[in-house]
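# Examination of the molecular architecture
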Amino acid sequence: MHGLPAAQAVSDDARRPAAGRTGPRLRVAGSRRFRIGIASLAGTLALWWLLTSLTGLIGPHRFPAPAEFWAAFVQIAVDGYAGGTLLTQAWHSTRLVIMGFLVAIATGVPLGLVMGISHRAEALLNPAFLLVRPIPPLAWIPLAIVWLGLGDAAKILVIWFAAFVPSVINTWTGVRGVDRTLIEAARVHGAGELRLLREVVIPGSLPMMFTGLRLSLQASWTTLVAAELVGAFFGLGRVLDAAYRDINPPMIAVAMLAVGVLGALTTRLVAVAERRLTPWRS
């Protein structure tokens, strides 16, 4: 009996150095990824300059050179384009995406939980969901305009539907993927349904839920641009439409890059939330 604490102490001491090395290893890996990312970005910019400015293999009527891109960026950032500056257009689009995305989370995640937990609820709700699910989000644009006009509400409705479907599917999949042994063990130890949901089902399904949220966010940005191409007064989709009509490839490229940057930043925020809510996966 006296040998057990000593063995435990040796085991703990053996684990401490490995745990201590985890931090530096993660920092080195993160630094390496950062350097690789910078090198990849620099290579892409160099290839862009080579194909457009230096050799002219890609003409300005097809894709702008870096100097033309920069001139378009300065124009929209300072003087504005299609009714507003870049900051105004980007904020309008981001606000619509966030609103539609949050409404989709508030409706899609609970529905996925209910369908995943209860087979009766799934039998009741799944037929209607399967009927609506294949409809492309863009197909809702005409009906949204008829219902809500050309304002922001119609665009939020279309974004909501685009983000709603992935959040429901992945939440349902996450709930059904929770280890049944853990659920039965919690019930054996006296966990009620509410505690079981809070401490077993939701934590176990969080990774798949966040996968659905990332897909929902991507669908939100894609749908937003398409929705703003029709009847929008502000937004990056409005910039794309105006640049297309003006045959302005540099401005099209600026708007496309703005969508990409904003999509990456919002996805990064979702990843930060995932790390904080699922620390055991870090």
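For the structure itself, consult the block above.
Model, not experiment: these values are computed from the prediction.

### Observations concerning the overall build of the protein chain
Scanning the protein chain from N- to C-terminus turns up 10 helices and zero strands. Going through the 282 residues of the protein chain one by one, you find that 37% of them count as buried.

### Some points on helix 2 (residues 66–79)
An α-helical turn contains 3.6 residues, so any two residues separated by three or four positions project in the same direction. Spanning 14 residues, helix 2 covers 19 Å between terminal C-alpha atoms, matching the ideal 20 Å at 1.5 Å per step. Among the residues making up helix 2, those that are buried are Phe69, Ala72 and Ile76. End-on, the buried residues of helix 2 take up no more than an arc of 65°, which puts them together on one face. Relative to its buried face, helix 2 has exposed residues pointing more than 90 degrees away, namely Ala67, Trp70, Val78 and Asp79. At the C-terminal side of helix 2, glycine 80 shows a positive phi close to 95°.

### Digging into the nonpolar core
Counting residues in hydrophobic clusters, the biggest one holds 57 residues, and the most contacted among them are Ile76, Tyr81, Trp221, Val239 and Met251. For this core, the elements supplying multiple residues, two or more each, are helix 2, helix 3 (86–117), helix 5 (141–148), helix 6 (152–176), helix 7 (180–188), helix 8 (193–228), helix 9 (236–245) and helix 10 (249–277). With 12 residues, the top contributor of residues to this core is helix 8. Other than its neighbours up to four places away in sequence, valine 239 contacts Ile76, Tyr81, Ala82, Gln89, Met251 and Ala255.

### A look at the packing of aromatic side chains
On inspection of all chains with the given rule, the structure shows seven aromatic pairs. Both rings, one in tryptophan 48 and one in phenylalanine 63, keep their centres 6.1 Å apart while their planes meet at 70°; by these two values the pair is edge-to-face. On the criterion of sequence distance, the pair formed by tryptophan 48 in helix 1 (residues 3–54) and phenylalanine 63 in the loop between helix 1 and helix 2 is long-range, its members being 15 residues apart. Residue class for phenylalanine 63 comes out partly exposed when judged on its relative accessible area of 38%. Each ring, one from tryptophan 48 and one from phenylalanine 69, has its centre 5.5 Å from the other, and the planes form 80°; the classification is edge-to-face. Highlighted residues: tryptophan 48 in helix 1 and phenylalanine 69 in helix 2, separated in sequence by 21 residues. Each of the two residues, tryptophan 48 as well as phenylalanine 69, counts as buried. Joined through ring pairs, the aromatic side chains of Phe129, Trp140, Trp160, Phe161 and Phe164 make up one cluster.

### Examining unusual backbone geometry
Although it is not a glycine, alanine 82 adopts a positive phi angle of roughly 55°. Tracing the sequence through the fold places alanine 82 in the loop between helix 2 and helix 3. The class of alanine 82 is buried, set by a relative accessible area of 17%.

### Notes on the packing of helix 4 (residues 119–132) against helix 6
The geometry of helix 4 relative to helix 6 is characterised by a closest axis approach of 13 Å and an angle of 145° between their N-to-C directions. Helix-helix and strand crossings are classified by hand; for helix 4 and helix 6 the assignment is left-handed. Only Phe161, Phe164, Val165, Val168, Ile169, Trp172 and Arg176 of helix 6 make contact with helix 4, whose side of the interface consists of His119, Glu122, Phe129 and Val132. When its residues are assigned to classes, the contact of helix 4 with helix 6 shows eight nonpolar, one polar and two charged.

### A closer look at the environment of leucine 143
Locating leucine 143 in the fold gives a position in helix 5. Its relative accessible area of 35% is what places leucine 143 among the partly exposed residues. In this structure the C-alpha to C-alpha distance between leucine 143 and alanine 154, which are 11 residues apart in sequence, comes to 8.7 Å.

### Thoughts on helix 4
Here helix 4 is 14 residues long and its end C-alpha atoms lie 20 Å apart, about the 20 Å a rise of 1.5 Å per residue gives. In the structure, helix 4 departs most strongly from a straight axis at leucine 125, where the bend amounts to approximately 40° and where the proline proline 127 lies between one and four residues downstream. When we look at burial in helix 4, the residues that qualify are Ala121, Glu122, Asn126 and Phe129. On its buried face, helix 4 is in contact with helix 3 and helix 6.

Each value, and the rule that gives it
- Residues numbered from 1 in each chain as written.
- Predicted model: local features only at pLDDT ≥ 70, side-chain atom pairs only at ≥ 80, totals over all residues.
- Heavy atoms only, no water.
- Helix = DSSP H or I, 4+ residues; strand = E, 2+ residues; numbered from the N terminus.
- Buried < 20%, exposed > 50% of the residue type's maximum accessible area, 1.4 Å probe, protein only.
- Expected span 1.5 Å × (residues − 1).
- Arc of directions from axis to C-beta.
- Core = buried A, V, L, I, M, F, W, Y, C linked by side-chain atoms within 4.5 Å.
- Contact = heavy atoms within 4.5 Å.
- Phe/Tyr/Trp six-rings, centres within 6.5 Å; stacked < 30°, edge-to-face > 60°.
- Axes fitted to C-alpha atoms, helices over the stretch in contact; angles between N-to-C directions.
- Left-handed = near helix turned anticlockwise from the far one by under 90°.
- Nonpolar A, V, L, I, M, F, W, Y, C, P; charged D, E, K, R; others polar.
- Bend = angle between axes of the 7 residues up to and from the residue.

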